[in-house]
Amino acid sequence: MKTIRELSNELKNKTLTSEELVRSCLKKIEEENEALNAFIWISPTAIDEAKEIDRRREAGEELGVLAGIPIAVKDNILVQGWEITAGSQMLEGHMSAYNATVIERLKNAGAILIGRTNMDEFAMGSSTETSHYGATKNPHDRTKVPGGSSGGSAVAVAAGFVPCALGSDTGGSVRQPASLCGVVGLKPTYGRVSRYGLIPMASSLDQIGPFTLTVEDAALVMEVIEGKDENDATSIELASTTAPELIEPDVKGLRVGLPKEYFVAGMDAELRARIDEAVKKFEAAGAVIKEVSLPHAKYALAAYYIVAPSEITSNLGRLDGLRYGYHSQGSNLLDTYEQTRGEGFGPEVKRRIMLGSYTLSAGYYDAYYKKALQIRTLIKQDFDEALKEVDVILTPTSPSVAWDLGAKFNDPLTMYLSDIYTVTANLAAIPAISIPCGTAHGLPVGLQLMGRAFDEHMLYRVGMWFEKK
Amino acid sequence: MFTTDDVKKIAKLSRLHITEEETEQYRVKLGSILEYVNQLQEVDTTNVPELQHAVMVENVFRADEPSIDLDERARAMEMFSARKGDLLEVQAVFSKDE
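Let us look at the structure shown here. No experiment lies behind these values; they were computed from the predicted model shown. (Residues numbered from 1 in each chain as written. Chains lettered and ligands numbered in written order. Predicted model: local features only at pLDDT ≥ 70, side-chain atom pairs only at ≥ 80, totals over all residues. Heavy atoms only, no water.)

## A look at empty space enclosed by the protein
All names here are of chain A. Basically, it comes down to this: With a 1 Å grid spanning the protein atoms alone, the term cavity applies to any set of points in which a 1.4 Å probe fits but cannot get out, the term pocket to an open set with protein on both sides within 12 Å along at least five of seven lines, and the term lining residue to any residue with an atom within 4 Å of a point. Grid points are joined across faces, edges and corners, and a volume is the space filled by probe spheres set on the points. Nonpolar residues are Ala, Val, Leu, Ile, Met, Phe, Trp, Tyr, Cys and Pro. Charged residues are Asp, Glu, Lys and Arg, and all others, Gly as well, are polar.
All told, the structure shown has 1 cavity of 30 Å³ or more when counted by the stated rule. Lining the largest cavity are Ala123, Gly125, Ser126, Gly171, Gly172, Ser173, Met201, Tyr304, Tyr305, Arg352 and Asp419. The residue inventory of the lining of the largest cavity, partitioned by class, reads 4 nonpolar, 5 polar and 2 charged.

Below you can see the structure in the form of structure tokens.
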């Protein structure tokens, strides 16, 4: 699969039509999706939409920057008229009544929406194995997990089905599968991309972000989807992302921070070697490598597993068996609620709902929820301090490469630990990107770059330099 | 760390029907997660403010005008589990003997 930039140029130069491009994507999906299970559903109107873009191009109309480009959508982002399941039985049959803001913006830019990608149920998971629609497989080795929760979107790009897919990242759900599948995945600063029309998991942490083949493509897509939206009160009015063609990929004199708390025992040695080699490249190019300290980072995962479930239990309260999808009639209203939710949700979702009910319940609120929010403050302060000393923080995205399907499925805590390097960026509300960084044990390694809030430009600049190396 | 009764109480608070078998599984697994998150107690957070939300925006207003189009309203209503015309139907909230 070529990059968005390359495909866009071919479409503009009329050496390729969008119909040809979409047909070739659909052919590949037809051949390989059954084995990989990246897509849950394919849009039957994609070819007609592509023809319409081709017709408009022939007519000389002004077209958007993503005109004719096929894009896949994680199944927790609303597309009007499409079913939406969030990977759960709970929403089976529910049709989206409106478009998410990001979908509205992609359509306005001419993108062709190809279909809905598989995901962990309600985005809760790190391996795309908790989906009601079966596990997604890693295209580099089909016996391995693709990471999660946006595993379907990561695989759709890594397998060459589409040049771009949208995901959502609450604790690493874009970056970690990007890392395990060897593609680029960006979690924007909280507030940069509207969450309107994203099925909420943890509202203070959720952000929609793109999977692409290159950092430049990620910046291109961000230009389209970001920006203030009056339907999301937490979206921020900002100068938009610098156009990728104006970014100077250069790291000379740049200060790159390595958090000492991250580079400790427990990291896979071969993976660590790839990261060390990347650091040497930065050094050779004139970047200044500095050790920084994030003293509270070791508490991030514990704080995350209080903050996120607390918000989850509240957000998923709306799934009552009346307004959406699955319904199991009981003898009274309370029975209907309990039956519907007991039958409709899978085990991981129930686990997190119950954890959140507990941490918010009378007598435990101060000890858990309040404590976790205070620690969130300390984590944010750590990052604010560190990012005064350096321009960007470099870490691995994941402590290991892709693991065997099923290996961590029955051990939630071990599964949670695979997000140990990613949750901090969500808690601190800063942007972070995962970029391919070679292989270990024959599987992709991801390099994570974290920057100051709303300074995605720095991540693009450094990332574009790194991928050219 | 958790008793069976604790799990049943949390399930009730969560509006989740769970089986006896699930109760035992959740007792063990929620217990181990809770044990892990308990490490937060070792951090001194005296006088540390809570980070309630990621972006510091306050009082975001917009005009109180209906913006939803009628088709969108109809599409949302169509998804409701039981309806009579434009009315949404639910079971009684209170019963006579309560």
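Moving on from the coordinates now.
## Overview of the nonpolar core
Residues and elements named next belong to chain A. Test applied: To define a nonpolar core, start from buried Ala, Val, Leu, Ile, Met, Phe, Trp, Tyr and Cys residues and group those joined through side-chain atoms within 4.5 Å. Only protein chains enter the accessibility calculation, which uses a 1.4 Å probe; a residue is then buried when its area is under 20% of its type maximum, exposed when over 50%, and partly exposed in between. The contact criterion used is simple: two residues touch if any of their non-hydrogen atoms lie within 4.5 Å.
Ranked by internal contacts, the top residues of the largest apolar core, which has 144 residues, are Phe122 and Phe282. Not counting residues within four places of it along the chain, the set of residues in contact with phenylalanine 282 comprises Val251, Val256, Ala287, Ile289, Leu394, Leu447, Val462, Trp465 and Phe466. Core analysis: the second largest hydrophobic core is formed by 27 residues, Leu36, Ala50, Val174 and Cys181 among them.

## Things to note about helix α9 (residues 300–315) of chain A
Quick reminder of the rule: Per the convention used, a helix needs a DSSP run of H or I reaching at least four residues, while a strand needs a run of E reaching at least two, with both numbered from the N terminus. Expected helix span is computed as 1.5 Å times (number of residues minus one).
In a regular helix each residue adds 1.5 Å, so 16 residues correspond to 22 Å; α9(A) covers 22 Å between its end C-alpha atoms and thus fits that length. Here α9(A) lies mainly inside the structure; 15 of its 16 residues are buried.

## Things to note about the layout of surface pockets
There is about 590 Å³ of room inside the largest pocket. If you go around the largest pocket, you meet 28 residues; those closest to its centre are A:Leu78, A:His94, A:Tyr98, A:Arg318 and A:Tyr324. The greatest single-element share of the lining of the largest pocket, amounting to 3 residues, is contributed by helix α3 (residues 70–78) of chain B. Among the residues making up the lining of the largest pocket, the classes are represented as 19 nonpolar, 4 polar and 5 charged. Size it by volume and the second largest pocket reaches roughly 400 Å³. If you go around the second largest pocket, you meet 29 residues; those closest to its centre are A:Thr130, A:Pro347, A:Glu348, A:Arg351 and A:Phe409. Sorting the residues of the lining of the second largest pocket by element identifies α10 (333–344), α11 (347–360) and α13 (412–417) of chain A together with α2 (20–37) of chain B as the ones contributing at least two each. Split by residue class, the lining of the second largest pocket holds 9 nonpolar, 10 polar and 10 charged.

## A closer look at the pattern of salt bridges
Just so we agree on the cut-off: Here, a salt bridge means any side-chain nitrogen of Lys or Arg that lies within 4 Å of a carboxyl oxygen of Asp or Glu.
For the structure on display, the rule yields 31 salt bridges over all chains. The salt bridge partner of B:Glu24 is B:Arg27, with a shortest N-O separation of 3.0 Å. With B:Glu24 and B:Arg27 both in helix α2 and 3 residues apart, the pair spans about one turn of that helix. Classification of B:Arg27 as partly exposed rests on a relative accessible area of 25%. Within this structure, A:Arg5, A:Glu216 and A:Glu245 form a network of salt bridges that share partners.

## As for the packing of aromatic side chains
Residue and element names in this part refer to chain A. Keep this limit in mind: A pair of aromatic rings is counted whenever rings of Phe, Tyr or Trp (Trp by its six-membered ring) have centres within 6.5 Å, and the orientation is called stacked for planes under 30 degrees apart, edge-to-face for over 60 and tilted otherwise.
A complete count under the given rule lists 15 aromatic pairs over all chains for this structure. Between tyrosine 98 and tyrosine 196, the aromatic rings sit 5.1 Å apart at their centres with planes inclined by 25°, giving stacked as the arrangement. Of the two residues, tyrosine 98 sits in the loop between β2 (70–74) and α4 (101–108) while tyrosine 196 sits in the loop between β5 (184–187) and β6 (207–212), which places them 98 residues apart along the sequence. Classification of tyrosine 196 as partly exposed rests on a relative accessible area of 24%.

## Overview of the side chain of A:Arg351
As a reminder of what qualifies: Whenever two N or O atoms come within 3.5 Å, that pair is a polar contact, provided that in protein one can donate a hydrogen and the other can accept it, and provided that, for residues adjacent in sequence, both atoms are side-chain atoms.
As for its position among the elements, A:Arg351 is in helix α11. Residue A:Arg351 is classed as buried on the basis of its relative accessible area of 8%. A polar atom in the side chain of A:Arg351 sits 2.5 Å from the side chain of A:Glu348. In contact with A:Arg351, not counting residues within four places along its chain, are A:Pro412, A:Tyr416, B:Tyr26, B:Lys29, B:Leu30 and B:Ile33.

## Comments concerning the packing of α11(A) against α2(B)
Threshold: With axes taken as lines fitted to C-alpha atoms, and helix axes fitted only over the stretch in contact, angles between N-to-C directions fall between 0 and 180 degrees. Roughly parallel covers angles under 35 degrees, roughly antiparallel covers those over 145, roughly perpendicular covers 65 to 115, and oblique covers all other angles. Crossing handedness: left-handed means the near helix sits turned counterclockwise from the far one by under a right angle, and right-handed means the same turn made clockwise.
Their axes nearest at 11 Å, the elements α11(A) and α2(B) cross at an angle of 60°. Comparing the axis directions of α11(A) and α2(B) gives the class oblique. As for how α11(A) packs across α2(B), the hand of that crossing is right-handed. Here A:Pro347, A:Lys350, A:Arg351, A:Met354, A:Leu355 and A:Tyr358 of α11(A) come into contact with α2(B), specifically with B:Glu22, B:Tyr26, B:Lys29, B:Leu30, B:Ile33 and B:Leu34. Across the contact of α11(A) with α2(B), the residue classes break down as 8 nonpolar, no polar and 4 charged.

No statement about biological role is implied by the geometric values presented.
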